[in-house]
Amino acid sequence: MGFIDNHILSLMTFLPVLGAAAILCVPRGKDDVIRWIAAAASFLPLVLSVKLLYAFDRSVAGVNVAGQFQFVEHYSWIPSINVEYFLGADGISMPMLILTALLSFLAVIGSFGIEKKVKGYMALFLLLETGMMGVFASLDFFLFYVFWEVMLLPMYFLIGIWGGPRKEYAAIKFFLYTLAGSVLMLLVLLALYFNTTNPETGGHTFNLLHYMAQSTHNGWLKGFDVRILLFLGLFIGFAIKVPLFPFHTWLPDAHVEAPTAISVILAGVLLKMGTYGLMRISFPIFPDVTRWFAVPMAVIGVINIVYGALCAMAQSDLKKMVAYSSVSHMGFVMLGMAALTPTGMVGGAMQMFSHGLITAMLFFLVGVVYDRAHHRQIDGFGGLGAVVPVYTAFVSFAFFASLGLPGLSGFIAEQMVFLGSFDVFRTIVVIAALGIIFVAAFHLWALQRVFLGPLNPKYAALEEINAREVFCLAPLGIIVMYIGVWPMPVISLMNSSLVHLVDLVKAVI
Amino acid sequence: MTPIAMDTGALVRGLYCILPEMVVIGTAILVLLADLLLPEEGKKRLCHLSVAGVAAAILSALWLGPGKIEGFSGMIVHDGMGLFFTLTILAAALLTLMMATGYSEWEGTQKGEFYALILLSTSGMLFMAEGTDLMTVFLGLETLSIPIYCLVGFHRGRMRSLEGAMKYFLLGAFSSGFFLYGIALMYAAAGTTRIPVIASMMRDARLYGNPVFLAGIGLLLVGFAFKVSLVPFHMWTPDAYEGAPTLVTAFMGAAVKAAAFAALLRVVLLTFPAILPAMSGVLWVLAALTMTVGNFSALLQNNMKRMLAYSSIAHAGYILVGLTAGGVAGGQAVLFYVLVYAFMNLGAFGVIMLVAQREDDGYDIDNFAGIGFRYPVLGGLLSLFLVSLAGIPPTAGFVGKFYLFGAAVRSGYVGLAVLGVLNSAVSVYYYLRPVVSMYMAPAPEGIPVPRPPRSAFSFALCASAAAVLLLGVMPASALEFAERSVLSLLM
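Residues numbered from 1 in each chain as written. Chains lettered and ligands numbered in written order. Predicted model: local features only at pLDDT ≥ 70, side-chain atom pairs only at ≥ 80, totals over all residues. Heavy atoms only, no water.

Chemist: It is not clear to me how the overall build of chain B should be interpreted in this structure. Could you clarify?
Modeler: Helix and strand counts for chain B stand at 19 helices and two strands. By the compact-globule yardstick of 23 Å for 491 residues, chain B fits well, its C-alpha radius of gyration being 22 Å. Its C-alpha atoms put chain B at 75 × 60 × 40 Å along the principal axes. Within chain B, buried positions represent 65% of all 491 residues. Contacts spanning at least 24 positions in sequence make up 81% of the contacts within chain B whose residues lie at least 6 apart. A total accessible area of about 16500 Å² is found for chain B, and carbon and sulfur atoms account for 70% of it. Side chains of chain B give 26 positive and 25 negative charges; the mean places of these two sets differ by 2 Å. (Helix = DSSP H or I, 4+ residues; strand = E, 2+ residues; numbered from the N terminus. Rg over C-alpha atoms; globule rule 2.2 N^0.38 Å. Buried < 20%, exposed > 50% of the residue type's maximum accessible area, 1.4 Å probe, protein only. Contact = heavy atoms within 4.5 Å. Areas by Shrake-Rupley, 256 points an atom, 1.4 Å probe, with all protein chains shown as cover. Lys, Arg positive; Asp, Glu negative; His and termini not counted. Charge placed at Lys NZ, Arg CZ, Asp CG, Glu CD.)

What follows is the structure in structure tokens.
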């Protein structure tokens, strides 16, 4: 067991890609074998993530303290430019690692219905999982960037090949937007590398923890205008991924065209990488600029909340509505983080986790009705509640979770965001709170149009949700409910790290 | 006048120093002789013979090792950098000849002179990469160019092939003129054509600011710029690349570029530090123009060969970024990138050679529609090579570009690095177009059936793919080799 314990993050990261390699060796036509290999290759990281959860010491912070990271693996990778293979977990990355493992496994199960080119689909999906895990586990900026890019191509193919009618447009738009962000990140990466020194060796470094120790920065990097420039470069790179207004336009297109399971991953995990990047990289490296930029970030967050909700209300396509609801919900994350208070930060992180679960449910549910009716027009249904009661119950549950009903996880997260940020920016928070009305409105309105009212006779024989689909939804629902009632396990998981992060950002350098 | 005594020891040492070159030339002569003796159906032996010869040359180069061996009173030197480029060029030649096993059969290039020309051109490249005297470099340049002119026009019956060859030949002849004139002016100012001697004279400022010398260096640079197709000296490239037999195109992109950059690197690294302020501006502008024009022209192409031709121009621009940066870091980045480029370029051409059935419209991007799923291995390989050309991790192209732009930032050329990064972002769009066509476009009725590759051809493709992945994931040892090579030059 020693090997597993010592390399648990590496195993979580690379088991999926090993599964992908195995899948490529399976002869043509054995689609079921491929499906089960994929399920196994994504189930193992989930098992390991449970182990991770139990072994994790919740009392230490991590963030910028090297000795407090857990499950660390630290080797030299490309010695001539000091690139390190440096993995580790703390309270910021733990929820994301678990979320990624869980959603990946469920998404593989949810993809069992894919009939077209199963081999390629599953192999790319597992490669994508490797990229996601790697991003959340890396503590070396170069490694982080490599994983970040590794994720890009599988996603592009998964949307572009298995997507809907306008898949090519959506795929290339997704790719170009994300690539533009990556390019900015690469430039900041170079700038940071050449203007910091590793205190131990005296050479340049990619180690994120060294970047966080401000004493490693040289004179050029200490200049405030330079720091603003670098911070904004990173911020735009991450904002495209979140996506924050005005960089959000790729998201609805990508979601509408992507196959169901890919939408789940896109909204459930990929969007979080943006805010995760801000927490992991931007905030601790540039605490001074973070404080300077706090109000604009809060304003952008509120624009996301209100504008996203209004856009969602205007949609006639159910999936597009859910996509815009993500834009709105990610605004809460940004608002909570911008407040730079412990409660706000924890609320933001909580919202990342909770939204990952809820939005995954929503996209799975949209997929269920699309598989049967082959369209997603909200006005094209009506009265489905009488035909498919179980499905209706699931959708109602997910919608209420999404609009922040007390007792479910979304409520806890949003309340913590409001509590944490109210004292800091009152006006902004009041506007955001009013935005909740729109959020509630579009959910309820859609619910009414699809499930209530007179039954559309076309769908009198609509099939009820099946066992495999319930299998994907039930665990998510249970966790959403559990956290809604008793959020402490998740809060304590990330609390010490995030409190430390806030202290770090608040400390004047 | 006393006759110069024959120094047998020096002669033997000189010949020892050019062992790989001699093996290659010997193989070329053998091929020509064998061509006379072999019956028509036995001509494929010629290809096998050439492959064996180049493999022997690689072994002989490895046997010489990275230690410094001077030959012919310092006209040529086998040092670490020479070894690095020798291996790169020979590897490119080896892969090309392995692909020729199949290509020659389809395209009717199963002829003795085809292989002999490739081998002779290779020997010229090796001389160019190891020449420490401007005259050796010039002789190498001519030895490599003349066979390539013939190879570009090898399809005598095709107008495009002839047009490309004619353009290449005329402009190439001009560029040789510039090159030679540049050497003459440098000789007039310095009294020598030996690169290290000129470098030491530059260091103690005897040549600094001498207008004749500067004009000479400028003309030399123009000559090089033609060969590696820097903008605005790139006009011949798309036509020559499109017209040439595809195998020759692949070889040109990989090997000719490596050789020309080897010589350029030697000149720039040794002589430029002293006059850097004057020259770096020129290189800066050339690099910026080359990257930008190359990439934006590639965006507009619908023919794969032409697109890759413009992409090769853009890549010359990236490599020039490393040269502009200079120093050990810049040199290391250039060496590594030239190696990586050889593999990804040959690999990409190899796959499209298999897929395209006809010259000309066979290479249209639309012609690749539906290939990806019908022939998953070919589709996967082409995607891998294109992704690497685009510089996306975890492929070698990313590490290479990272080093090039990193070197530029280290030397203070932040603007150039930014331009380079933006350019490679633009390039992703056209590299993905064939991928979109292969996987996402609706497959037409009659998907072209790729030719069944010979085992040597498959091996060459797999080896290139393995190199692209391996150099991307574990680049450390190749990078160290490159660094030591540059250090050996600067010592």
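Read on for the rest.
Chemist: How should I be thinking about the side chain of B:Lys257 in this particular structure?
Modeler: Residues and elements named next belong to chain B. When you line up the elements, Lys257 lands in helix α11 (residues 246-299). Despite its burial, Lys257 pairs with no opposite charge; the closest candidate is Asp239, at 15 Å N-O. In contact with Lys257, not counting residues within four places along its chain, are Val228, Ser229, Tyr241, Met252, Ser312, Ile313, Ala316 and Tyr341. (Salt bridge = Lys/Arg side-chain N within 4 Å of Asp/Glu carboxyl O.)

Chemist: What is the right way to look at empty space enclosed by the protein in this model?
Modeler: In this approach a probe as big as a water molecule rolls over the atoms, and the regions it shows empty are the leftover space. In this structure the tally under the stated criterion is seven cavities of 30 Å³ or more. Lining of the largest cavity is provided by 17 residues; of these, A:Tyr145, A:Leu186, B:Ala390, B:Gly391 and B:Ser424 occupy positions nearest its centre. Counting residues per element, the ones that place at least two in the lining of the largest cavity are α6 (141-162) and α7 (167-194) of chain A together with α16 (396-410) and α17 (414-439) of chain B. Looking at the lining of the largest cavity residue by residue, the class counts come to 12 nonpolar, three polar and two charged. Here the second largest cavity is characterised by a volume of approximately 80 Å³. Looking at the second largest cavity, it is lined by 13 residues, and the ones nearest its centre are A:Leu318, A:Val366, A:Tyr391, A:Val395 and A:Phe399. Sorting the residues of the lining of the second largest cavity by element identifies α15 (318-339), α16 (342-373), α17 (389-402) and α19 (426-451) of chain A as the ones contributing at least two each. Tallied by class, the residues present in the lining of the second largest cavity amount to 13 nonpolar, no polar and no charged. (1 Å grid on protein atoms, 1.4 Å probe; cavity = no way out; pocket = protein on both sides within 12 Å on 5 of 7 lines; lining within 4 Å. Points joined across faces, edges and corners; volume = space filled by probe spheres on them. Nonpolar A, V, L, I, M, F, W, Y, C, P; charged D, E, K, R; others polar.)

Chemist: Just checking my understanding: could you explain a nonpolar patch on the surface for this structure?
Modeler: All names here are of chain A. Residues Met481, Tyr482, Val485, Trp486 and Met488 make up a contiguous nonpolar surface patch of about 540 Å² in total accessible area. The element best represented in the nonpolar patch is helix α20 (residues 467-485), accounting for three residues. Following the sequence through the fold, Val485 ends up in helix α20. For Val485, a relative accessible area of 62% gives the class exposed. (Patch = residues over 30% accessible without salt bridge, like charges linked within 9 Å, V, L, I, M, F, W, Y side chains within 5 Å.)

Chemist: Which parts of the structure should I look at to understand the packing of helix α15 (residues 376-390) of chain B against α17(B)?
Modeler: Geometrically, a packed helix pair is captured by the angle between its two axes and the distance between the axes. Residues and elements named next belong to chain B. Their axes nearest at 9 Å, the elements α15 and α17 cross at an angle of 175°. Regarding the angle of α15 to α17, the classification is roughly antiparallel. Facing Pro376, Gly379, Gly380, Leu382, Ser383, Leu386, Leu389 and Ala390 of α15, the residues of α17 in contact are Ser424, Ser427, Val428, Tyr431, Pro434, Val435, Met438 and Tyr439. For the contact of α15 with α17, the residue count by class is 11 nonpolar, five polar and no charged. (Axes fitted to C-alpha atoms, helices over the stretch in contact; angles between N-to-C directions. Parallel < 35°, antiparallel > 145°, perpendicular 65-115°, else oblique.)

Chemist: Can you walk me through the layout of surface pockets in this structure?
Modeler: Quantified by volume, the largest pocket comes out at close to 2000 Å³. Around the largest pocket, the lining is made up of 48 residues, and of these A:Leu24, A:Ala123, A:Leu124, A:Leu127 and B:Gly380 lie nearest the centre. Put simply, the parts of the chain that give the lining of the largest pocket at least two residues each are α2 (8-25), α3 (31-55), α5 (118-137) and α6 of chain A together with α14 (371-374), α15 and α18 (455-473) of chain B. Looking at the lining of the largest pocket element by element, the count peaks at nine residues for α6(A). Its boundaries defined by the atoms lining it, the second largest pocket holds a volume of some 640 Å³. Of all the secondary-structure elements, those providing two or more residues to the lining of the second largest pocket are α11 (250-257), α12 (260-285), α16 and α20 of chain A. Residue contributions to the lining of the second largest pocket peak at six residues, all from α16(A).

Chemist: For this particular structure, what's the right way to read the interface of chain B and chain A?
Modeler: Interfaces are frequently sized by the accessible area removed from exposure as the parts join. Each side of the interface is counted separately: chain B has 35 residues, and chain A has 32 residues. With both sides pooled, the region where chain B packs onto chain A buries about 2900 Å², and carbon together with sulfur makes up 83% of that total. It is B:Phe373, B:Phe402 and B:Met440 that lose the most area in chain B upon contact with chain A, and together they represent 24% of the buried surface on that side. Remark: the boundary between chain B and chain A carries zero salt bridges. (Buried area = accessible area lost by both parts, 1.4 Å probe.)

Chemist: Which parts of the structure should I look at to understand the packing of aromatic side chains?
Modeler: Aromatic rings considered in pairs are described by the distance between their centres and by the relative angle of their planes. Throughout the structure, instances matching the rule amount to 54 aromatic pairs over all chains. A ring pair is formed by B:Phe84 and B:Phe481, whose centres lie 5.1 Å apart and whose planes are at 55°; its orientation type is tilted. On the criterion of sequence distance, the pair formed by B:Phe84 in helix α4 (residues 80-107) and B:Phe481 in helix α19 (residues 476-490) is long-range, its members being 397 residues apart. Between B:Tyr318 and B:Phe405, the ring centres sit 6.0 Å apart and the planes meet at 80°, which makes this aromatic pair edge-to-face. A residue pair is termed long-range when its members are at least 10 positions apart, and B:Tyr318 in helix α12 (residues 304-325) and B:Phe405 in helix α16 qualify at 87 residues. Through successive ring pairs, a cluster of aromatic residues spans A:Trp77, A:Phe142, A:Tyr145, A:Tyr193, A:Phe194, A:Phe206, B:Phe398 and B:Phe402. (Phe/Tyr/Trp six-rings, centres within 6.5 Å; stacked < 30°, edge-to-face > 60°.)

Chemist: Teacher, can you tell me more about the pairing of strand β1 (residues 70-78) of chain A here?
Modeler: The side chains of a regular strand alternate, first on one face of the sheet and then on the other. All names here are of chain A. As judged from the six bridges shared by β1 and strand β2 (residues 83-89), these two strands associate in the antiparallel manner. Pairing of Glu73 across the sheet is with Leu87, part of β2. Once β1 ends, the chain turns through four residues before running back antiparallel as β2, passing Asn82 with a positive phi of about 60°. (Pairing = 2+ DSSP bridges.)

Chemist: Teacher, can you tell me more about α15(A) here?
Modeler: Every α-helix carries 3.6 residues per turn, so stepping three or four residues along brings you back to the same face. All names here are of chain A. For α15, spanning 22 residues, the distance from its first C-alpha to its last is 33 Å, which sits close to the expected 32 Å at 1.5 Å a residue. Sitting at the head of α15, Asp317 places a side-chain oxygen 2.8 Å from the backbone nitrogen of Lys319. One or two steps after α15, the chain reaches Leu340, where phi turns positive at roughly 60°. (Expected span 1.5 Å × (residues − 1). Polar contact = N/O pair within 3.5 Å; in protein donor to acceptor, adjacent residues only side chain to side chain.)

Chemist: Would you explain the environment of B:Gly153 in this entry?
Modeler: All names here are of chain B. Relative to the helices and strands, Gly153 is located in the loop between α6 (134-152) and α7 (159-190). Its relative accessible area of 12% is what places Gly153 among the buried residues. Separated by 110 residues in the primary sequence, Gly153 and Lys43 place their C-alpha atoms 21 Å from one another. Discounting chain neighbours no more than four positions away, the residues touching Gly153 are Ser161, Leu162 and Ala165.

Chemist: Quick question: what am I supposed to make of α19(A) here?
Modeler: If you check α19(A), its first and last C-alpha atoms are 38 Å apart, about what 26 residues at 1.5 Å a residue would give, namely 38 Å. Immediately beyond the C-terminal end of α19(A), within one or two residues, lies A:Gly453, with a positive phi of roughly 80°.

Chemist: So what exactly am I meant to see when it comes to the packing of helix α3 (residues 44-64) of chain B against helix α5 (residues 112-130) of chain B here?
Modeler: Residues and elements named next belong to chain B. Orientation of α3 relative to α5, taken along the N-to-C sense of each, is 15°, at an axis distance of 9 Å. The orientation of α3 with respect to α5, classified from their angle, is roughly parallel. For α3 against α5, the interelement crossing comes out right-handed. Here Leu46, Cys47, Ser50 and Val54 of α3 come into contact with α5, specifically with Gly112, Tyr115 and Leu119. For the contact of α3 with α5, the per-class residue count stands at five nonpolar, two polar and no charged. (Left-handed = near helix turned anticlockwise from the far one by under 90°.)

Chemist: Would you mind going over the confidence of the model for chain B with me for this structure?
Modeler: Close reading of the predicted structure is inappropriate where its pLDDT is low. Residue and element names in this part refer to chain B. Here chain B averages 87 in pLDDT, while 97% of its residues score no lower than 70. Across chain B, the element-wise mean pLDDT spans from 80 in α14 up to 92 in α6. Of the two predicted TM-score estimates for the complex, the pTM is 0.89 and the ipTM is 0.82. (pLDDT = per-residue confidence, 0-100.)

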